[in-house]
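Descriptive structure summary
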Amino acid sequence: MLEALVCPQTQGPLSYDAERQELVSRAANLAFPIRGGIPVMLADEARTLD
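Residues numbered from 1 in each chain as written. Predicted model: local features only at pLDDT ≥ 70, side-chain atom pairs only at ≥ 80, totals over all residues. Heavy atoms only, no water.

Moving on to the pattern of salt bridges. Overall, the coordinates contain 2 salt bridges when judged by the stated rule. E22 serves as the salt-bridge partner of R47, at 2.8 Å between the closest nitrogen and oxygen. Here R47 is found in strand β5 (residues 47–48), whereas its partner E22 is found in strand β2 (residues 22–25), with 25 residues between them in sequence. Between E45 and R35 there is a salt bridge, with its nearest N and O atoms 3.0 Å apart. Here the residue E45 occupies a position in the loop between β4 (38–39) and β5, and R35 occupies one in strand β3 (residues 30–35), the gap between them amounting to 10 residues. Accessibility expressed as a relative area gives 46% for R35, which makes it partly exposed. (Salt bridge = Lys/Arg side-chain N within 4 Å of Asp/Glu carboxyl O. Helix = DSSP H or I, 4+ residues; strand = E, 2+ residues; numbered from the N terminus. Buried < 20%, exposed > 50% of the residue type's maximum accessible area, 1.4 Å probe, protein only.)

Function cannot be inferred from these measures alone, as they are strictly geometric.
Below, the structure is given as structure tokens:
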């Protein structure tokens, strides 16, 4: 399923962080949360990476 998802900002690839339950876009410097097994692909809900 991860292969079908892309970053909504850059249209680039995402990586899965199992520990934090996030999909990470290195290009956008954002981490999108996964809540209840559903990725929340909204920039407003994303966490900026350190």
